[in-house]
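What the coordinates show
The lines below spell out each chain.
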Amino acid sequence: MSNTDERRAELEAIAQEVHACTRCPLHQSRTNAVPGSGPVTAEIMFIGEGPGFYEDQQGLPFVGASGKFLDELLQGVGLERRDVYITNVVKCRPPGNRDPRPDEIEACAGYLDRQIELIDPKMIITLGRFSMAKWFPNGRITQIHGQARKIGGRLYMPMFHPAAALRNPKLRPEVEADFSKIPELLKEMANLRDDAPPDQAQQLSLF
Ligand code: URA
Ligand code: SF4
């Protein structure tokens, strides 16, 4: 079995654990847990907040209005959903789409951490404040959106949640501008990982 096959099998094993998980109270009200979707080889990982109504119904992330907008944004930069991995900080829907609670995020964090370790994406894009807080605990989205930070050989970029841009159309151009940076950032990350000695990291123009 190739290394990729093993990683894919492990990602699937995490999903099975999530489907059976009772680690926090959100398991009581879920229809389906939503572990995440996408290839284990994805270079980009998007992390949202938590499943909403349609995600809970279908067991898939970002399939409602926000997901449709996310698909459009991806297409705008030549990407498709099957190119990226998409998940959330909590894998079960908070009742009535309320915010996930700190204890729920904490209970669920092990799944997300294992997914990140397995997929090992070049770039993590946070959608909304709960995933942003994991890497930018004091960040304010209005100030730091679209700014990629390199931490430990990986890029982290906070973005507005697509639902915020749907609620407030003035944010749309900002979200599109943030997305437009993705291809070039990925290219620079690929060079950095594959052949640049560590001391060239400082010379990258985009960081
Ligand atoms: N909003 C999220 O944060 N995640 C989803 O999966 C859907 C909507
Ligand atoms: Fe388990 Fe996470 Fe679902 Fe809570 S939200 S029951 S920790 S999978």
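First things first, this report covers the structure right here in the doc. (Residues numbered from 1 in each chain as written. Chains lettered and ligands numbered in written order. Predicted model: local features only at pLDDT ≥ 70, side-chain atom pairs only at ≥ 80, totals over all residues. Heavy atoms only, no water.)

Okay, unusual backbone geometry next. Positive phi, normally seen in glycine, also occurs at N97, with a value near 60°. Within the secondary structure layout, N97 lies in the loop between β2 (85–88) and α4 (102–119). A positive phi is found at D120, a non-glycine position, where the angle reads about 50°. Relative to the assigned elements, D120 resides in the loop between α4 and β3 (123–127). (Helix = DSSP H or I, 4+ residues; strand = E, 2+ residues; numbered from the N terminus.)

We now examine the pairing of strand β5 (residues 154–159). Of all six residues that make up β5, six are buried, and the element is covered over most of its length. Taking every second residue as pointing to the same face, both faces of β5 are buried, with R154, Y156 and P158 on one and L155, M157 and M159 on the other. Pairing geometry for β3 and β5, over five bridges, is parallel. Bridging from a neighbouring strand, L127 pairs with M159 of β5. Once strand β4 (residues 149–151) ends, the chain turns through two residues before running back antiparallel as β5, passing G152 with a positive phi of about 55°. (Buried < 20%, exposed > 50% of the residue type's maximum accessible area, 1.4 Å probe, protein only. Pairing = 2+ DSSP bridges.)

Looking at ligand 2, the residues that line it are V18, C21, R23, C24, L26, H27, R30, K91, C92, A107, C108 and Y111. Element by element, the count of residues in the shell around ligand 2 is highest for α4, at three residues. Residue classes in the shell around ligand 2 are distributed as eight nonpolar, one polar and three charged. (Near = heavy atom within 4 Å. Nonpolar A, V, L, I, M, F, W, Y, C, P; charged D, E, K, R; others polar.)

Attention now goes to the site of ligand 1. G48, E49, G50, E55, P61, F62, N88 and H161 make up every residue found near ligand 1. Backbone polar atom of G50 to a nitrogen atom of ligand 1: 3.0 Å apart, as the coordinates give it. Between ligand 1 and N88 there is a distance of 2.8 Å, counted from a nitrogen atom to a side-chain nitrogen or oxygen. Protein chains shield 91% of the accessible area of ligand 1, which is 240 Å² for the free molecule. Partitioning the shell around ligand 1 into residue classes produces two nonpolar, four polar and two charged. (Polar contact = N/O pair within 3.5 Å; in protein donor to acceptor, adjacent residues only side chain to side chain. Areas by Shrake-Rupley, 256 points an atom, 1.4 Å probe, with all protein chains shown as cover.)

Quick look at α4 now. Between its first and last C-alpha atoms α4 spans 25 Å; for 18 residues at 1.5 Å apiece the expected length is 26 Å, and the two agree. Its maximal kink placed at C108, α4 deviates by approximately 45°. Buried residues along α4 sit against α1 (3–19), β1 (44–48), β2, β3, α5 (129–135) and β5. Where α4 ends, the next residue or the one after it, D120, has phi of about 50°, a positive value. (Expected span 1.5 Å × (residues − 1). Bend = angle between axes of the 7 residues up to and from the residue. Contact = heavy atoms within 4.5 Å.)

On to the packing of aromatic side chains, then. Counted under the stated rule, the structure contains three aromatic pairs. Look at F46 and F179: their rings are 5.8 Å apart centre to centre, the planes differ by 10°, and that puts the pair in the stacked class. Here F46, found in strand β1, pairs with F179, found in helix α8 (residues 172–180); they are 133 residues apart in sequence, far enough to count as distant. We note that F46, like F179, is buried. The interplanar angle of 90° and the centroid separation of 5.1 Å between the aromatic rings of F53 and Y54 together place this pair among those described as edge-to-face. The lysine or arginine in question, K134, covers the ring of W135, its NZ or CZ lying 5.8 Å from the ring centre. (Phe/Tyr/Trp six-rings, centres within 6.5 Å; stacked < 30°, edge-to-face > 60°. Lys NZ or Arg CZ within 6 Å of the ring centre and 35° of its normal.)

Turning to the packing of α1 against α4, a few remarks are in order. Where α1 contacts α4, the two axes come as close as 10 Å, and the packing angle between them is 170°. For the element pair α1 / α4, the angle class is roughly antiparallel. On the side of α1, the interface is formed by R7, E10, L11, I14, E17 and V18, while α4 contributes Y111, R114, Q115, L118 and I119. Its residues assigned to classes, the contact of α1 with α4 comprises six nonpolar, one polar and four charged. (Axes fitted to C-alpha atoms, helices over the stretch in contact; angles between N-to-C directions. Parallel < 35°, antiparallel > 145°, perpendicular 65-115°, else oblique.)

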